[in-house]
Amino acid sequence: QVQLVESGGGLVQPGGSLSLSCAASGSFSSINTMGWYQQAPGKQRELVAAITSGGSTNYADAVKGRFTISRDNAKNMVYLQMNGLKPEDTAVYYCNALVVRGAYNVRREYSYWGPGNQVTVSS
């Protein structure tokens, strides 16, 4: 079993900042890619930012230059620093991890999701 626990969401004014955290725990060999996804009401879930185990990053165009993703491999954690927040950033933010699990000779990659963390940007 693998669990992702998120924290750090809340209400912030336009132009403000928030920091999200996600911790992975359970039975797995390693974590390949970790990321954050955004889902607003009536819209599909979309990638915000992702980071590989080696530190390579990828950002959605809408957040590039404002958000920064990072991770701590020793703690199995991923973070999202959000600066210059806009009302259109309002959404539920989900942590995702691509986890390697299984016996030594039958290991495969599995996708796990956190429960979601509400971020609201409003005056």
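Here's a quick rundown of the structure.

The rules behind these values
- Residues numbered from 1 in each chain as written.
- Predicted model: local features only at pLDDT ≥ 70, side-chain atom pairs only at ≥ 80, totals over all residues.
- Heavy atoms only, no water.
- Pairing = 2+ DSSP bridges.
- Helix = DSSP H or I, 4+ residues; strand = E, 2+ residues; numbered from the N terminus.
- Buried < 20%, exposed > 50% of the residue type's maximum accessible area, 1.4 Å probe, protein only.
- Polar contact = N/O pair within 3.5 Å; in protein donor to acceptor, adjacent residues only side chain to side chain.
- Contact = heavy atoms within 4.5 Å.
- Axes fitted to C-alpha atoms, helices over the stretch in contact; angles between N-to-C directions.
- Disulfide = S-S within 2.5 Å.
- Core = buried A, V, L, I, M, F, W, Y, C linked by side-chain atoms within 4.5 Å.
- Phe/Tyr/Trp six-rings, centres within 6.5 Å; stacked < 30°, edge-to-face > 60°.
- Lys NZ or Arg CZ within 6 Å of the ring centre and 35° of its normal.

**A word on the pairing of strand E8 (residues 77-82)**
Part 1 of the argument: Where strand E3 (residues 18-26) lies against E8, six bridges are found, and the strand directions are antiparallel. Following the sheet pairing, Ser19 is matched in E8 by Gln81.
Part 2 of the argument: Where strand E7 (residues 67-72) hands over to E8, the hairpin turn is made up of four residues, of which Asn76 adopts a positive phi near 55°.

**Considerations on the side chain of Asn96**
Part 1 of the argument: On the secondary structure map, Asn96 appears in strand E9 (residues 91-101).
Part 2 of the argument: The class for Asn96 is buried, based on a relative accessible area of 6%.
Part 3 of the argument: A distance of 2.9 Å separates the side chain of Asn96 from the side chain of Ser111, its partner in a polar contact.
Part 4 of the argument: A distance of 3.0 Å separates the side chain of Asn96 from the backbone oxygen of Tyr112, its partner in a polar contact.
Part 5 of the argument: With near-sequence residues (within four places) excluded, Asn96 lies in contact with Leu4, Thr33, Met34, Gly35, Tyr37, Ser111, Tyr112 and Trp113.

**Some points on the sheet that holds strand E1 (residues 2-7)**
Part 1 of the argument: Strand order in the open sheet formed by four strands is E1-E3-E8-E7, with antiparallel pairing between adjacent strands. In this open sheet, the two strands that pair with only one neighbour each are E1 and E7. For this sheet, the mean inter-axis angle between neighbouring strands, taken without regard to orientation, is 15°.

**Considerations on the state of the cysteines**
Part 1 of the argument: One pass over the full model with this rule turns up one disulfide.
Part 2 of the argument: Bridging Cys22 to Cys95, the disulfide has an S-S length of 2.1 Å. Linking Cys22 and Cys95, the disulfide has an S-S dihedral of approximately -85° and is accordingly described as left-handed. Taken together, the residues Cys22 in strand E3 and Cys95 in strand E9 connect sequence positions 73 residues apart. You'll find Cys22 and Cys95 in the same group, each marked buried.

**Some words on the nonpolar core**
Part 1 of the argument: Core analysis: the biggest nonpolar cluster contains 31 residues, and Trp36, Leu80, Met82 and Tyr93 have the highest contact counts within it.
Part 2 of the argument: Where this core is concerned, the elements lending two or more residues are E1, E3, strand E4 (30-39), strand E5 (46-52), E7, E8, E9 and strand E11 (117-121).
Part 3 of the argument: Per-element accounting of this core gives the leading share, five residues, to E9.

**Some words on the environment of Leu47**
Part 1 of the argument: Relative to the helices and strands, Leu47 is located in strand E5.
Part 2 of the argument: With near-sequence residues (within four places) excluded, Leu47 lies in contact with Trp36, Tyr37, Asn58 and Ala60.

**Describing the packing of aromatic side chains**
Part 1 of the argument: According to the stated counting rule, one finds one aromatic pair in the structure shown.
Part 2 of the argument: Here Tyr37 and Trp113 contribute two aromatic rings whose centre-to-centre distance is 4.9 Å and whose plane-to-plane angle is 65°, an arrangement assigned as edge-to-face. Separated by 76 residues along the polypeptide, Tyr37 in strand E4 and Trp113 in strand E10 (residues 108-113) bring together distant segments of the chain.
Part 3 of the argument: The class of Tyr37 is partly exposed, set by a relative accessible area of 22%.
Part 4 of the argument: Assessed through its relative accessible area of 38%, Trp113 is described here as partly exposed.
Part 5 of the argument: Across the ring face of Trp113, the terminal group of Arg45 is positioned such that the distance to the ring centre comes to 4.7 Å.
Part 6 of the argument: Directly above the aromatic system of Tyr110 lies the positively charged group of Arg101, at a separation of 5.6 Å from the ring centroid.

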